[in-house]
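# A look at the structure
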Amino acid sequence: MTAGPPNKVVLLAGGVGGARMAEGLARALPKGALTVIANVGDDESFYGLHVSPDIDTLIYTLSDRIDRKQGWGVKDDAVRALDVLRDLGAPVWMKLGDADFGLHIWRSWRLAQGATLSEITAEAAENLGSRARVLPATDDRLQTKLLTDEGWMDFQPWFVGKRCEPRVSDIRYEGAAEARPSVAALEAIAAADLIVIAPSNPLLSIDPILAIPGMREAVQASVAPCMGVSPLIGGQAVKGPLGRLIEDLGLPAGSAGVAGRYAGLIDAFAVDPGDLDEMEPARSGGLAVLGTDIMLTDPAKAEAVARTLLAFAATLGANAARRLS
């Protein structure tokens, strides 16, 4: 990498942590430098409308429309439409605000016209004033499903409807094997100066992206350094059900466990300073490890974290550690 900020950064992301990382990078980088490849495994149909929660959270955050208290949805939004649906007897466990409905109606209308999800997402990002380009990982159907003690469940009914309460014994990404990466996503990865894996839930946000044939291979083939950011601090998730899922599924715990999931992809991994000791085996194996504050509490803090990551990434050589897996 040359001195100064990279010209083309790709972020793999989903969820609130991914959106906050995207915002930090967008503030720290020159205009047009950031492309976010978003998880679509959470996409769901509500009232006949196509809802893309991770894409929407990214666009709302990057256009400063996000409800920062919730971490999702539109700030100062009302729920009058949802109230009517409730009065009519419809299930209303998924909170969708009125402004939010506007985006879902528009997306569904454009899909019915024959536009692809990639085209629609690009239009939405531009028209709503997103600070970065946002791309779905695929235009094809992909759904994260969880095997729980209540049977197989789609992600949103488990995550929102059941508040993550059913225990999980397996996860699958239905449709991933048949899906194709979006052309724009592959082109962005190939052209990148730096690839970052956001502090998103690896099981629910990043793995669905990497499960699409050709996506993992594209990251591996890139000549750009690839850096991951831990979603855990002291073994606990900053936000969301990752800690519970790791326990339910019997997976390697802590930041070291997350870094292990990305073996073969990352050259470096950022963790909270308190988690440096557990990263020593990975560091000895050739992984560059950065110990730094990774809490993304507000836009200014997210920007500061992003600048720290970018400065560290500038010291990396590509393909240094990912070839060791």
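Below is a short write-up of the structure. (Residues numbered from 1 in each chain as written. Predicted model: local features only at pLDDT ≥ 70, side-chain atom pairs only at ≥ 80, totals over all residues. Heavy atoms only, no water.)

## Looking at the packing of aromatic side chains
As enumerated under the stated definition, the model contains four aromatic pairs in all. Note on Phe155 and Trp158: the rings are 6.3 Å apart at their centroids and 50° apart in plane angle, and the pair reads as tilted. Of this pair, Phe155 and Trp158 are both found in helix α6 (residues 155-161), three residues apart, which corresponds to roughly one turn of the helix. Of the two residues examined, Phe155 and Trp158, each falls in the buried class. With a centroid separation of 4.9 Å and an interplanar angle of 15°, the aromatic rings of Phe155 and Phe159 are classed as stacked. One end of the pair, Phe155, and the other, Phe159, are both in helix α6, four residues apart, so they sit about a helical turn from each other. Take Phe155: its relative accessible area is 5%, and that puts it in the buried class. Members of the aromatic cluster, each reached through a chain of ring pairs, are Phe155, Trp158 and Phe159. A cation sits over an aromatic face here: Arg172 above Trp152, 4.0 Å from the ring centre. (Phe/Tyr/Trp six-rings, centres within 6.5 Å; stacked < 30°, edge-to-face > 60°. Helix = DSSP H or I, 4+ residues; strand = E, 2+ residues; numbered from the N terminus. Buried < 20%, exposed > 50% of the residue type's maximum accessible area, 1.4 Å probe, protein only. Lys NZ or Arg CZ within 6 Å of the ring centre and 35° of its normal.)

## Brief notes about the pattern of salt bridges
Across all of its chains, the model carries 18 salt bridges by this definition. With its nearest N and O atoms 3.0 Å apart, the salt bridge here joins Arg68 to Asp64. The exposure class assigned to Asp64 is partly exposed, which follows from its relative accessible area of 42%. One salt bridge connects Asp248 with Arg167, and the closest N-O pair in it is separated by 2.5 Å. On the criterion of sequence distance, the pair formed by Asp248 in helix α10 (residues 242-249) and Arg167 in the loop between α6 and β8 (168-174) is long-range, its members being 81 residues apart. For Asp248, a relative accessible area of 19% puts it in the buried group. Residue classification places Arg167 among the partly exposed positions, given a relative accessible area of 38%. If you follow the salt bridges from partner to partner, you end up with Arg141, Lys145, Asp154, Arg172 and Glu174 in one network. (Salt bridge = Lys/Arg side-chain N within 4 Å of Asp/Glu carboxyl O.)

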